[in-house]
Amino acid sequence: MDFAGFHLPSSLFVAPMAGVTDRPFRQLCRKFGAGLAVSEMVSSNALLYATRKTQRRIRHEGESAPIAVQIAGADPLQMAEAARFNADHGAQIIDINMGCPAKKVCKLAAGSALMRDEAQVGRILDAVVAAVPDTPVTLKIRTGWSREHRNAVSIARIAEAAGIRMLAIHGRTREDLYMGEAEYDTIADVKASISIPVIANGDITSPHKAAQVLSHTGADGLMIGRAAQGRPWIFREIAHFLATGEELAAPAAAEILAVCRAHLAEIYSFYGEVAGVRIARKHIAAYTRTFAGAQRFREQMFELPDAEAQLAAVDAFFSQIDEDRTKPSPVGFPEPQELQELAA
Ligand SMILES: Cc1cc2nc3c(=O)[nH]c(=O)nc-3n(C[C@H](O)[C@H](O)[C@H](O)COP(=O)(O)O)c2cc1C
């Protein structure tokens, strides 16, 4: 897929997930064929630029182009400043978050809460696009504020008029949080209403589902979040299925172990060992969650003091796996609550 002068290796994107899609995870998904991996949200509040977390989030060495950074906020001037700051620090695409229902974000009337105020949406988009004239700006939204107010089509038209170059839509409203199932009719309506590329997102957990969502919505690409955690090869699986109509067998335990180990090595090196061991837990839980004994293993992980012990436990877990590997990968993903607990 070609986008704004970039050749993206595929139209399957990684959804931004705060606390999950750090640089090691983005790079891993790109290796498995993801076309674009938007980085975690960077606050538009300039006071936060100096925090260690933000500094880490804006480090992009070694990442393949294009580097896309997401910003969130409710104030047009601050958002414009955040866009400029990120563009000056290596972002080649600026993505605006109007899709996240997190309390931390929404209480500032940012994220998906903004969809309630269409005039403010217009002001923010105009300000950001004007602030970075040489950098393409993309937008991520939900289908609306609530089921009674599904205004994604209206927001999409505002976005296109403001010069937004691509729109990703999660098929839930803000009120839905992560409950119920994503719906794709609104995404299809949006696709039919605008001519910039539309990327469909929400509950894409398997190659079959990916094909269904593409055909139902007519979208130009797909964005996959939770299902990629602990299963970054889902990009390879979907691409293969879309190209051939055939499902790949699930990776063997030895391959999963190799992917997991390489991922952990990147995490330890990126965060340092102490933080790395803690951050690695949620990823290890995701890699192991569909195998027998995962729950017990997850509890045991809290007692492992360092990287060496963590790696030894992961080796031991995978060495005792005996499974039928001719089946496709199991469907499903960790729930946000589960992710939060593991990050604690
Ligand atoms: C832990 C977590 C963190 C998230 N953080 C963000 C974020 O920072 N920005 C954003 O636009 N969406 C965020 N999302 C929403 C995802 O990008 C995506 O829209 C949503 O998970 C639905 O896609 P999925 O069903 O493929 O996971 C987050 C989701 C999860 C589960």
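Everything below is about the structure shown above.
Keep in mind the model is a prediction, meaning the values are calculated, not measured. (Residues numbered from 1 in each chain as written. Predicted model: local features only at pLDDT ≥ 70, side-chain atom pairs only at ≥ 80, totals over all residues. Heavy atoms only, no water.)

1. Brief notes about the overall build of the protein chain
Line of reasoning, step 1. A tally of regular secondary structure across the protein chain gives 14 helices and 10 strands.
Line of reasoning, step 2. A total of 344 residues make up the protein chain; the buried ones form 56% of that total.
Line of reasoning, step 3. Restricting the contact set of the protein chain to residue pairs at least 6 apart, pairs at least 24 apart contribute 70%.
Line of reasoning, step 4. On the protein chain, roughly 14,500 Å² of surface is accessible, and the fraction owed to carbon and sulfur atoms is 52%. (Helix = DSSP H or I, 4+ residues; strand = E, 2+ residues; numbered from the N terminus. Buried < 20%, exposed > 50% of the residue type's maximum accessible area, 1.4 Å probe, protein only. Contact = heavy atoms within 4.5 Å. Areas by Shrake-Rupley, 256 points an atom, 1.4 Å probe, with all protein chains shown as cover.)

2. Description of the packing of aromatic side chains
Line of reasoning, step 1. Considering all chains together, one arrives at 7 aromatic pairs under this definition.
Line of reasoning, step 2. On the basis of an interplanar angle of 85 degrees and a centroid distance of 5.0 Å, the ring pair of phenylalanine 270 and tyrosine 271 is categorised as edge-to-face.
Line of reasoning, step 3. Judged by relative accessible area, tyrosine 271 falls into the buried class, the value being 16%.
Line of reasoning, step 4. Taking 5.6 Å as the distance between ring centres and 85 degrees as the angle between the ring planes, the aromatic pair formed by phenylalanine 317 and phenylalanine 318 counts as edge-to-face. Summarising the burial analysis for this pair, phenylalanine 317 and phenylalanine 318 share the class buried. (Phe/Tyr/Trp six-rings, centres within 6.5 Å; stacked < 30°, edge-to-face > 60°.)

3. Some remarks on the site of the ligand
Line of reasoning, step 1. Around the ligand, 17 residues are found, and the nearest of them are Pro16, Gln70, Asn201, Asp203 and Arg226.
Line of reasoning, step 2. At 2.7 Å from a nitrogen atom of the ligand is found a side-chain nitrogen or oxygen belonging to glutamine 70.
Line of reasoning, step 3. Within the contact set of the ligand, an oxygen atom lies 2.8 Å away from a side-chain nitrogen or oxygen of arginine 226.
Line of reasoning, step 4. Within the complex, 97% of the 610 Å² of free accessible area of the ligand lies under protein. (Near = heavy atom within 4 Å. Polar contact = N/O pair within 3.5 Å; in protein donor to acceptor, adjacent residues only side chain to side chain.)

4. Description of the environment of arginine 289
Line of reasoning, step 1. Along the polypeptide, arginine 289 turns up in the loop between helix H11 (273-288) and helix H12 (294-301).
Line of reasoning, step 2. Classification of arginine 289 by relative accessible area gives partly exposed; the value is 29%.
Line of reasoning, step 3. Expressed as a C-alpha distance, the spacing of arginine 289 and serine 319, which sit 30 residues apart in the sequence, is 15 Å.

5. Digging into H12
Line of reasoning, step 1. Along H12, the residues that are buried comprise Ala294, Phe297, Arg298 and Met301. The buried residues of H12 all sit within an arc of 105 degrees when viewed along its axis, so they share a single face. (Arc of directions from axis to C-beta.)

6. Topic: the pattern of salt bridges
Line of reasoning, step 1. Per the stated rule, a full pass over the model turns up 8 salt bridges.
Line of reasoning, step 2. A salt bridge links aspartate 176 to arginine 147; the shortest N-O distance between them is 2.8 Å. Of this pair, aspartate 176 sits in the loop between strand S8 (166-173) and helix H7 (185-193) while arginine 147 is found in the loop between strand S7 (137-144) and helix H6 (152-162), placing the two residues 29 residues apart along the sequence.
Line of reasoning, step 3. Aspartate 176 sits in the buried class, given a relative accessible area of 7%.
Line of reasoning, step 4. Under the relative-accessibility criterion, arginine 147 is labelled partly exposed at 45%.
Line of reasoning, step 5. The closest approach of N and O atoms between aspartate 203 and arginine 226, which form a salt bridge, is 3.0 Å. Here the residue aspartate 203 occupies a position in the loop between strand S9 (198-201) and helix H8 (207-217), and arginine 226 occupies one in the loop between strand S10 (221-224) and helix H9 (234-244), the gap between them amounting to 23 residues. Across the pair, exposure class does not vary: aspartate 203 and arginine 226 are buried alike.
Line of reasoning, step 6. Ionic contacts of the salt-bridge type, sharing partners, join the residues Arg172, Asp203 and Arg226 into one network. (Salt bridge = Lys/Arg side-chain N within 4 Å of Asp/Glu carboxyl O.)

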